[in-house]
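Single-letter residue listing:
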Amino acid sequence: MLLEKIKPLFDFETLPKPVYIGNGLTHQDIISVSQFDTARLDYIFARAHEMREMVERVGAVDLLKGRVLACLFYEPSTRTSASFIAAMERLGGAVIPITQGVQFSSVSKGETLADTIRTLEQYADVIVLRHPEIGSAQVAADYANVPVINAGDGAGEHPTQALLDLFTIKEELGRLDGLKIAMVGDLRYGRTVHSLTRLLLQYKVSLRFVSPEILRLPLTLMNEVIDARLDVRETHDVADVIENADVLYVTRVQKERFTDLAQYEEVKDQYEITPELMAKAKSKMIVMHPLPRVGEIHYAVDADPRAAYFRQVKNGMYIRMALLAAVLGKA
Ligand code: CP
């Protein structure tokens, strides 16, 4: 029989477009911010708002009752691990926490990432992974039959941090377009900077990159910024950006990524945001930091209402609640 004569089961041209639950995120891995266009960002931010209202009203719900999250962290974490655990528990789900010492798991006996992932997926509906190697989250996702969420892959990406960072800017300042955003510190190894910069390419922002020479933004990423035709400048001095910045996004120098510790010692104390520096900034600017800080922001700045870093921490839980609900099909 000639193939052309077989009557098609469906006329695909006239079928209605699929309605995605969770804006297309259901059962999806979350590996990179490149998965988030502005529509998807708006969707996650709207769900995060709902999560905040719910937490403030009743504390917890049963939306993810019966679902299990495996938290697998090969690197230290306080915020990312704790906020994913809190997010899952506030949505009524359960957690397998391998976060406080992967050395107590069979990884210490030499078990590979692939086998660890294939084991955890037997118990869990979703896996959150932090690992020191760039690309490790994608490797895990390739092996897993359940969604894998990248909680930081070496100096690569930290997509959920970037989502909460962007959400925080929007919550604090009410908009993204038109803002002047200065990133300060370790722009070479700081994965939160890499992910946030990529998300910001979708908006009409001005970017200012402040770093020591050896910690400049990677060239490939700078080329992406230039291709996006954003207003962008680089400098070594915070004084060059403090007066005009709407957002000062400060980062820690990532000691663990240096092969030459003498180089780390040279640059580790280059920047400190102090009350004196803050006096020169706009009254409506905000200071953000993914944390932990190790001296980049003086403790005296914490009392300044423009210090947004602990509000930023709290937003992380709402964003991760929204993501878990979306990935697990409970939008
Ligand atoms: N911002 C962040 O990733 O913090 P943790 O390393 O404590 O998870």
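Residues numbered from 1 in each chain as written. Predicted model: local features only at pLDDT ≥ 70, side-chain atom pairs only at ≥ 80, totals over all residues. Heavy atoms only, no water.

Draft legend 1. Broad picture of the domain arrangement of the protein. Entries for the protein in the domain assignment read domain 1 (2-157 + 316-327) and domain 2 (159-313). Relative placement of domain 1 and domain 2: their C-alpha centres are 26 Å apart. Between domain 1 and domain 2, the residue contacts involve 32 residues of the former and 24 residues of the latter. When the buried area of domain 1 at its contact with domain 2 is split by residue, V33, F45 and R79 rank highest and sum to 27% of it. Connecting domain 1 to domain 2 are four salt bridges. Across the pair E171 and R52 runs a salt bridge, and its minimum N-O distance is 2.4 Å. Linking domain 1 with domain 2 are 14 residue pairs in polar contact (both at pLDDT 80 or more), by the criterion used here. (Domains from an automatic or database assignment. Contact = heavy atoms within 4.5 Å. Buried area = accessible area lost by both parts, 1.4 Å probe. Salt bridge = Lys/Arg side-chain N within 4 Å of Asp/Glu carboxyl O. Polar contact = N/O pair within 3.5 Å; in protein donor to acceptor, adjacent residues only side chain to side chain.)

Draft legend 2. Structural context of the site of the ligand. Around the ligand lies a shell formed by S77, T78, R79, T80, R130, H158, Q161, P290 and L291. Between the ligand and L291 there is a distance of 3.2 Å, counted from a nitrogen atom to a backbone nitrogen or oxygen. In the complex, 92% of the free accessible area of the ligand, which totals 250 Å², lies under the protein chains. Classifying every residue of the shell around the ligand by side-chain character gives two nonpolar, five polar and two charged. (Near = heavy atom within 4 Å. Areas by Shrake-Rupley, 256 points an atom, 1.4 Å probe, with all protein chains shown as cover. Nonpolar A, V, L, I, M, F, W, Y, C, P; charged D, E, K, R; others polar.)

Draft legend 3. Looking closely at the pattern of salt bridges. The final tally for this structure, using the stated rule, is 18 salt bridges. For K268, the salt bridge identified is with D269, shortest N-O distance 3.2 Å. The salt bridge involving D304 is made with R306; its shortest N-O contact spans 2.8 Å. R306 shares its class with D304; the two are buried. Residues joined by salt bridges that share partners form a network here, namely E75, R191 and R257. (Buried < 20%, exposed > 50% of the residue type's maximum accessible area, 1.4 Å probe, protein only.)

Draft legend 4. Spatial organisation of the packing of aromatic side chains. Tallied over the entire structure, the rule returns four aromatic pairs. Arranged with centres 5.6 Å apart and planes meeting at 70°, the rings of F258 and Y264 form a pair that is edge-to-face. Residues F258 and Y264 agree in their burial class; the two are buried. With centroids separated by 5.5 Å and ring planes inclined at 65°, the aromatic side chains of Y309 and F310 adopt a geometry described as edge-to-face. The buried category is assigned to Y309, whose relative accessible area is 1%. Through a chain of ring-to-ring contacts, three or more aromatic side chains come together here, namely Y189, F258 and Y264. Residue placement shows R293 over the ring face of Y299; its charged tip is 4.0 Å from the ring centre. (Phe/Tyr/Trp six-rings, centres within 6.5 Å; stacked < 30°, edge-to-face > 60°. Lys NZ or Arg CZ within 6 Å of the ring centre and 35° of its normal.)

Draft legend 5. Layout of the sheet that holds strand β1 (residues 68-73). Reading across the sheet, the four strands line up as β2-β1-β3-β4 and stay open at both edges, with parallel pairing between neighbours. The open sheet terminates on both sides in strands that have one partner only, identified here as β2 (94-98) and β4 (148-153). Averaged over neighbouring strand pairs, the angle between their axes works out to 10° when direction is ignored. Here β1 runs beside β2; their pairing, made up of five bridges, is parallel. Bridge assignment links C71 to a residue of β2, and that residue is P97. Docked against the sheet, helix α3 (residues 113-120) engages β1, β2 and β3 (126-131), running at close to 160° with respect to β1. (Pairing = 2+ DSSP bridges. Helix = DSSP H or I, 4+ residues; strand = E, 2+ residues; numbered from the N terminus. Axes fitted to C-alpha atoms, helices over the stretch in contact; angles between N-to-C directions.)

Draft legend 6. Examining the nonpolar core more closely. Residues F36, I44, L166, I181, M183, M321 and L324 are the most contacted members of the largest nonpolar core, which totals 65 residues. It is helix α10 (residues 309-327) that contributes the most residues to this core, ten residues altogether. Those residues in contact with F36 that lie beyond four places of it in its chain are L25, I30, L41, I44, L163, L199, Q202 and L323. By size, the runner-up hydrophobic cluster in this structure holds 21 residues, among which are V210, Y271, I297 and V301. (Core = buried A, V, L, I, M, F, W, Y, C linked by side-chain atoms within 4.5 Å.)

Draft legend 7. Quick look at helix α1 (residues 38-58). For α1, built from 21 residues, the straight-helix expectation of 30 Å at 1.5 Å per residue is met to within 8% by its first-to-last C-alpha distance of 30 Å. Along α1, the residues classified as buried are R40, L41, Y43, I44, F45, R47, A48, M51, R52, M54 and V55. Buried residues belonging to α1 abut α2 (79-90), α5 (159-173), α6 (191-200) and α10. Backbone geometry just after α1 places G59 at a positive phi near 85°. (Expected span 1.5 Å × (residues − 1).)

Draft legend 8. Representation of the packing of α1 against α5 in the model. Two elements in contact, α1 and α5, have axes whose closest approach is 11 Å; the angle formed by their N-to-C orientations is 75°. Compared by their axis directions, α1 and α5 come out roughly perpendicular. Only L163, L166, F167, K170 and E171 of α5 make contact with α1, whose side of the interface consists of L41, D42, F45, A48, H49 and R52. When its residues are assigned to classes, the contact of α1 with α5 shows six nonpolar, one polar and four charged. (Parallel < 35°, antiparallel > 145°, perpendicular 65-115°, else oblique.)

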